[in-house]
Amino acid sequence: MSRIGRLPITVPSGVEVKLDGREVTVKGSKGELSRTIAQGITLEIEDGTITVNRPDDSREARSLHGLTRSLINNMIIGVTEGFTKKLEIVGTGYRVQAKGSDLEFALGYSHPVPVEAPDGITFTVEGANKLAVTGIDKQQVGEVAANIRKLRRPDPYKGKGVRYEGEQLRRKAGKAGK
């Protein structure tokens, strides 16, 4: 058995989980998420716990077992607490500012770089060089944060660019002097 897959998922009060065929819908105080589970994986919803089961011990079933359990658990966490990714902007003249619900970056290019907020994502600007990406879907929050980081990746020589909060950079030595 998968160590992750066999763990039961506890459903907190205020969260409603519905199973309609292979479609799982989770409703909570922050919103609603739904996902289609893989073929063969079954769910049992009983008095506040969800158990994920697999049909056999094939390699594919084993890999989908833990994945499905993690996805459903992340949906429950998302509709109750939400997910946040924090980003830092490092570099002289590099900054971010909020324009309504969207962002505008100054990242050393000849023009400002606008970023629109997709549905379900909110941006919070904390000062000129810190921002937070918040939402209920963990995958979407991570993807939006990665796309923002992609605008100007951290430079290994000077360390300038957009990075995750607490991200450790591997710094390289520059040219050797005479």
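Here's what I pulled together on the structure shown here. Not measured: the values here are computed from a predicted model. (Residues numbered from 1 in each chain as written. Predicted model: local features only at pLDDT ≥ 70, side-chain atom pairs only at ≥ 80, totals over all residues. Heavy atoms only, no water.)

**Describing the nonpolar core**
If you look at soluble globular proteins, the nonpolar side chains tend to sit buried side by side.
Move 1: Ranked by internal contacts, the top residues of the largest apolar core, which has 19 residues, are Ile 89, Leu 103, Phe 105, Phe 123, Leu 131, Val 133 and Ile 148.
Move 2: If you list the elements that add at least two residues to this core, you get β7 (83-90), β9 (102-106), β10 (113-115), β11 (121-125), β12 (130-135) and α2 (138-150).
Move 3: The dominant element in this core, judged by the number of residues it contributes, is α2, at 4 residues.
Move 4: Apart from residues no more than four positions distant in its own chain, Leu 131 is found in contact with Lys 85, Lys 86, Leu 87, Ile 89, Val 96, Leu 103, Phe 105, Phe 123, Thr 124, Val 125, Glu 126 and Ile 148.
Move 5: Val 24, Val 26, Leu 43 and Ile 76 belong to the second largest nonpolar core, which has 18 residues in total. (Core = buried A, V, L, I, M, F, W, Y, C linked by side-chain atoms within 4.5 Å. Buried < 20%, exposed > 50% of the residue type's maximum accessible area, 1.4 Å probe, protein only. Helix = DSSP H or I, 4+ residues; strand = E, 2+ residues; numbered from the N terminus. Contact = heavy atoms within 4.5 Å.)

**Structural notes on the sheet that holds strand β6 (residues 49-53)**
Move 1: Read across the sheet, 3 strands follow the order β1-β6-β5 without closing on themselves; strand pairing throughout is antiparallel. In this open sheet, the two strands that pair with only one neighbour each are β1 (9-10) and β5 (42-46).
Move 2: Relative to β6, β1 is paired through 2 bridges, and the arrangement is antiparallel. Among the inter-strand pairings, Ile 9 is bridged to a residue of β6, identified as Ile 50.
Move 3: Against the sheet, helix α1 (residues 59-80) touches β1, β5 and β6, its axis set at about 155° to β6. (Pairing = 2+ DSSP bridges. Axes fitted to C-alpha atoms, helices over the stretch in contact; angles between N-to-C directions.)

**A few points about the environment of Tyr 157**
Move 1: In this structure, Tyr 157 sits in the loop between α2 and β13 (161-164).
Move 2: Ignoring any residue separated from it by four or fewer positions in sequence, one finds Tyr 157 in contact with Arg 171, Lys 172, Ala 173 and Gly 174.

**A closer look at the side chain of Arg 69**
Move 1: The topology assignment puts Arg 69 in helix α1.
Move 2: Salt bridges are absent for the buried Arg 69, whose nearest opposite-charge side chain, Glu 81, sits at 12 Å.
Move 3: Beyond its immediate stretch of four places on either side in the chain, Arg 69 contacts Ile 4, Gly 5, Leu 7, Pro 8, Ile 9 and Val 52. (Lys, Arg positive; Asp, Glu negative; His and termini not counted. Salt bridge = Lys/Arg side-chain N within 4 Å of Asp/Glu carboxyl O.)

**Overview of the packing of aromatic side chains**
Move 1: All told, the structure shown has 0 aromatic pairs when counted by the stated rule.
Move 2: When the ring centre of Tyr 164 is taken as reference, the NZ or CZ atom of Lys 85 above it lies at 5.0 Å.
Move 3: We note Arg 152 situated over the ring of Tyr 109; from NZ or CZ to the ring centre the distance is 4.3 Å. (Phe/Tyr/Trp six-rings, centres within 6.5 Å; stacked < 30°, edge-to-face > 60°. Lys NZ or Arg CZ within 6 Å of the ring centre and 35° of its normal.)

**Here we look at the pairing of strand β8 (residues 95-99)**
Move 1: One ladder, built from 5 bridges, connects β8 with β9; its direction is antiparallel. For Gln 97, the partnering residue across the bridge sits in β9 and is Glu 104.
Move 2: Linkage of β8 to β9, two consecutive antiparallel strands, is achieved through a turn of 2 residues, within which Gly 100 is found at a positive phi near 70°.

**What about α2?**
Move 1: Taking 1.5 Å per residue as the helical rise, α2 with its 13 residues ought to reach 18 Å, and the 18 Å between its terminal C-alpha atoms agrees with that figure.
Move 2: Of all the positions in α2, only Val 141, Val 144, Ala 145, Ile 148 and Arg 149 are classed as buried. Down the axis of α2, the buried set is contained in an arc of 140°. They therefore lie on one face.
Move 3: Structurally, α2 contributes buried residues whose contacts are with β7, β9, β10, β11, β12 and β13. (Expected span 1.5 Å × (residues − 1). Arc of directions from axis to C-beta.)

**Thoughts on the sheet that holds β12**
Move 1: Within the open sheet, the 4 strands sit side by side as β11-β12-β7-β13. Their pairing is antiparallel. In this open sheet, the two edge strands, each paired with only one partner strand, are β11 and β13. The average angle at which neighbouring strand axes cross in this sheet is 25°, direction not considered.
Move 2: Alignment of β7 against β13, held across 4 bridges, turns out to be antiparallel. Across the sheet, the residue bridging to Val 90 is Gly 161, located in β13.
Move 3: Against the sheet, α2 makes contact with β7, β11, β12 and β13, and its axis sits at roughly 5° relative to β7, the strand it touches most.

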